[in-house]
Amino acid sequence: MQAVVDTLKEHGIESLEVEEDSYVRVDVPCSEGDERDCHELIVDIEAWLAEKNLPFVAQEVDGRIVIRPPAS
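Keep in mind it's a predicted model, so treat the numbers as computed, not measured.

Trainee: Go over the state of the cysteines with me, naming the residues and quoting the values.
Mentor: Enumeration over the complete set of coordinates arrives at one disulfide. Here Cys-30 pairs with Cys-38 through a disulfide, and the sulfurs are 2.0 Å apart. Around the S-S axis, the bridge from Cys-30 to Cys-38 shows a dihedral of about 105° and counts as right-handed. For Cys-30, a relative accessible area of 4% gives the class buried.

Shown next, in the form of structure tokens:
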């Protein structure tokens, strides 16, 4: 997941690696009031992940974007 955090940092996006129940994800805070809303940000994140060939899924959950492995 460090590659995801590094990729986001390269694009000026702060994120947090979270481990819970032996499962690791990356959380990216966002909201409609931010400079970039969640929808705009998730589109960019998906493009960056694809560009780096990182096999992760990004989805919006409770005012943040969660990036996780596809099977979790």
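Trainee: Give a description of the sheet that holds strand β2 (residues 23–29) that names residues and reports values.
Mentor: Overall, antiparallel pairing links the four strands, which are arranged β1-β2-β4-β3 in an open sheet. A single partner strand is all that each edge strand has here, and the edge strands are β1 (16–20) and β3 (57–61). Between one strand axis and the next, the sheet turns through 30° on average, direction left out of account. Pairing of β1 with β2 involves five bridges; the strand directions are antiparallel. Within the sheet, the bridge partner assigned to Leu-16 lies in β2 and is Asp-27. Across the face of the sheet, helix α1 (residues 2–10) comes into contact with β1, β2 and β4 (64–68) while running at roughly 15° to β2.

About the cut-offs
- Residues numbered from 1 in each chain as written.
- Predicted model: local features only at pLDDT ≥ 70, side-chain atom pairs only at ≥ 80, totals over all residues.
- Heavy atoms only, no water.
- Disulfide = S-S within 2.5 Å.
- Buried < 20%, exposed > 50% of the residue type's maximum accessible area, 1.4 Å probe, protein only.
- Pairing = 2+ DSSP bridges.
- Helix = DSSP H or I, 4+ residues; strand = E, 2+ residues; numbered from the N terminus.
- Axes fitted to C-alpha atoms, helices over the stretch in contact; angles between N-to-C directions.
- Contact = heavy atoms within 4.5 Å.

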